[in-house]
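Here is what each chain is made of, one letter per residue.
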Amino acid sequence: MTVNEDTFTNWKHREEIAESMIPIIGKLHRERDVTVLLHSRSLVNKSVVSILKTHRFARQIAGEELSVTETLPFLNALTTLDLGPSQIDIGMLAATYRADDRGLSVEEFTAEAVAGATGANKIDRRESRDVVLYGFGRIGRLVARLLIEKAGSGNGLRLRAIVVRRSGTTDGADLVKRASLLRRDSIHGQFQGTITVDEANSKIIANGNEIKVIYSDDPTSVDYTAYGIKDAILVDNTGKWRDREGLSKHLRPGIDKVILTAPGKGDVPNIVHGVNHDTIKQDEQIISCASCTTNAIVPPLKAMADEYGVLRGHVETVHSFTNDQNLLDNYHKSDRRGRSAPLNMVITETGAASAVAKALPDLQAKITGSSIRVPVPDVSIAILNLQLARETNRDEVLDYLRNVSLTSPLKRQIDFISAPDAVSNDFIGSRHASIVDAGATKVDGDNAILYLWYDNEFGYSCQVVRVVQYVSGAEYPTYPAPLA
């Protein structure tokens with residue numbers, strides 16, 4: 001047999017194994033509310049090729065490729081356990097098993113690693129929490145996709161309604177157009193599932209989920225209990241109100257908490273999931289998820305501060321254009337955003353640097369920031385230039401950040417890529433808040449420059465949903481626990 005034939009046979013064998021994993025993953029998810037992860041990436045509803053690619057991408061700390069032949073035994077071991085609702089990372093199980101020298105079998109090791117989710121220790125399945133989206137633009141529709149994806153499991157959130165302004169068309173035509181925008185997206189592709197419209201009842205039905213579309217120009221005019229909505233979390237995607245007084249307008253009958261998808265002003269807490277979400281007070285009703293750029297820079301900034309200390313820093317954001325810019329030159333209240341977005345690089349302001357202080361109050365370093373909008377529709381890059389408290393070298397920093405992305409509590413926020421030819425389009429659809437580009441990283445003594453890619457639409461929307469899950473109590477624990 002030739003080398004090429006060997007390679008092809010090996011591929012077909014791995015395809016066969018990945019195919020056998022799909023029904024096991026699906027059954028654990030449907031029947032026990034167990035979400036199977038591979039280094040923080042969900043394997044639920046993934047294709048054979050997607051499972052194989054995820055294994056290839058999620059390399060181990062030693063740089064060795066993770067194979068389905070390694071993870072399948074751990075997946076099979078999970079089926080023998082009396083599991084309760086949880087998230088279980090078979091990539092982490094395989095990695096920690098490699099390092100374990102006690103001679104335990106895969107079954108024994110798995111049972112020990114996920115003991116908190118089994119038998120008498122397992123938690124009860126939680127009822128899904130009602131969610132309302134106020135506004136249905138770029139972020140609103142992506143958050144909707146994520147909520148629909150999670151519906152049906154105890155670890156999910158139930159999208160009950162979308163509130164939009166009345167348009168000039170009739171409600172029926174308006175509804176069809178909004179459903180179409182949810183169904184197809186020029187950047188993020190087709191919706192994964194089916195969408196139909198019930199014009200008579202003003203509903204969009206997505207993958208069997210009935211979503212009421214409420215028309216209102218005034219948040220104080222809506223009584224959500226009239227639609228059977230109770231104790232809901234409302235996500236404001238409009239950015240129209242950013243202080244406590246304005247956002248409190250949403251606290252209507254049926255609404256328990258309000259989450260803003262923009263930086264909050266005044267005493268509104270700015271939350272970056274993975275960094276300070278555990279500081280949210282149980283009785284807090286108004287929360288901000290800060291900005292996409294704040295979510296991109298704060299997790300790696302925290303990681304660097306924890307390990308090396310940070311004395312000062314500057315972030316330069318090269319940001320994709322957004323809907324608040326003009327397609328062609330026209331009047332705009334901002335100095336430069338009136339110039340054509342797809343034809344120019346546009347210097348503009350960013351509040352991300354000042355927002356760092358709210359998310360990392362213990363960080364004493366001064367962080368400054370500036371931004372340039374560029375003619376791409378999605379994915380941005382933050383260049384984080386740091387003066388560290390001690391000297392280091394490039395290899396040490398890269399090894400550290402790679403480990404953070406694989407095993408730390410920030411592994412859902414920070415990703416790591418070493419591809420030498422990576423460009424912005426490669427990160428469309430990334431669920432991480434920030435992706436460290438290893439090839440671009442520069443370190444010289446106490447100076448480190450990190451290049452951090454981020455999908456400013458989808459990655460940020462994932463962070464928003466994580467905050468919603470956390471405040472709703474619908475975020476199940478992950479096993480094995482991330483390394484501190």
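Nothing here was measured: the structure is a model prediction, and the numbers come from that model. (Residues numbered from 1 in each chain as written. Predicted model: local features only at pLDDT ≥ 70, side-chain atom pairs only at ≥ 80, totals over all residues. Heavy atoms only, no water.)

**Brief notes about a nonpolar patch on the surface**
Together, Phe8, Trp11 and Val49 make up an exposed nonpolar region whose accessible area comes to about 280 Å². Along the chain, the position of Val49 falls in helix α2 (residues 48-57). (Patch = residues over 30% accessible without salt bridge, like charges linked within 9 Å, V, L, I, M, F, W, Y side chains within 5 Å. Areas by Shrake-Rupley, 256 points an atom, 1.4 Å probe, with all protein chains shown as cover. Salt bridge = Lys/Arg side-chain N within 4 Å of Asp/Glu carboxyl O. Helix = DSSP H or I, 4+ residues; strand = E, 2+ residues; numbered from the N terminus.)

**Points about unusual backbone geometry**
Cis geometry is adopted by the peptide bond preceding Pro480, which originates at Tyr479 and carries an omega value of -15°. Its place among the elements puts Pro480 in the segment after β19 (478-479). The phi torsion at Asp33 lies on the positive side, around 60°, for a residue other than glycine. With respect to the helices, strands and loops of the structure, Asp33 is situated in the loop between α1 (3-32) and β1 (34-38). Within the chain, Asn45 stands out as a residue other than glycine whose phi angle is a positive 60°. Topologically, Asn45 is positioned in the loop between β2 (41-42) and α2. When its relative accessible area of 73% is taken as the criterion, Asn45 is described as exposed. (Buried < 20%, exposed > 50% of the residue type's maximum accessible area, 1.4 Å probe, protein only.)

**Digging into helix α11 (residues 394-407)**
Over its 14 residues, α11 runs 20 Å from end to end, which matches the ideal 20 Å to within 8%, given 1.5 Å per residue. The inward-facing, buried residues of α11 abut α4 (90-99), α9 (292-308), β15 (380-392), β16 (414-417), β17 (434-437) and β18 (442-454). Where α11 begins, the capping side chain belongs to Asn393, and its oxygen is found 3.2 Å from the backbone nitrogen of Asp395. (Expected span 1.5 Å × (residues − 1). Contact = heavy atoms within 4.5 Å. Polar contact = N/O pair within 3.5 Å; in protein donor to acceptor, adjacent residues only side chain to side chain.)

**Some words on the sheet that holds strand β3 (residues 86-89)**
A sheet is described by the order of its strands in space; here 4 strands give the open sequence β2-β1-β3-β19, paired in mixed fashion. The open sheet has two free edges, formed respectively by β2 and β19, since each of these has just one partner strand. (Pairing = 2+ DSSP bridges.)

**Details of the sheet that holds strand β12 (residues 310-320)**
A sheet is described by the order of its strands in space; here 7 strands give the open sequence β13-β14-β12-β15-β18-β17-β16, paired in mixed fashion. Among the strands making up the open sheet, the edge pair consists of β13 (346-348) and β16. This sheet shows a mean twist of 25° between the axes of neighbouring strands, independent of strand direction. The pairing of β16 with β17 spans 4 bridges and is classified as parallel. Following the sheet pairing, Ile417 is matched in β17 by Asp437. Across the sheet, α9 lies against β12, β14 (366-374), β15, β16, β17 and β18, angled at about 15° from β15, the strand it touches most. (Axes fitted to C-alpha atoms, helices over the stretch in contact; angles between N-to-C directions.)

**Remarks on the packing of aromatic side chains**
In total, this model carries 5 aromatic pairs according to the counting rule given. Arranged with centres 5.1 Å apart and planes meeting at 20°, the rings of Phe427 and Trp453 form a pair that is stacked. Remark: Trp453 occurs in strand β18 and Phe427 occurs in the loop between β16 and β17; sequence separation between them is 26 residues. Judged by relative accessible area, which is 5%, Phe427 ranks as buried. Given a relative accessible area of 11%, Trp453 falls into the buried group. One aromatic cluster is present, built from ring pairs that chain together Phe74, Tyr97 and Phe109. (Phe/Tyr/Trp six-rings, centres within 6.5 Å; stacked < 30°, edge-to-face > 60°.)

**A closer look at the nonpolar core**
Residues Leu133, Leu301, Met304 and Leu401 are the most contacted members of the largest nonpolar core, which totals 79 residues. Residue contacts for Leu401: discarding those within four places in its chain leaves Ala303, Met304, Phe416, Val436 and Leu450. Judged by nonpolar contacts, the second largest core, of 32 residues, contains Ala18, Ile51, Leu52 and Leu75. (Core = buried A, V, L, I, M, F, W, Y, C linked by side-chain atoms within 4.5 Å.)

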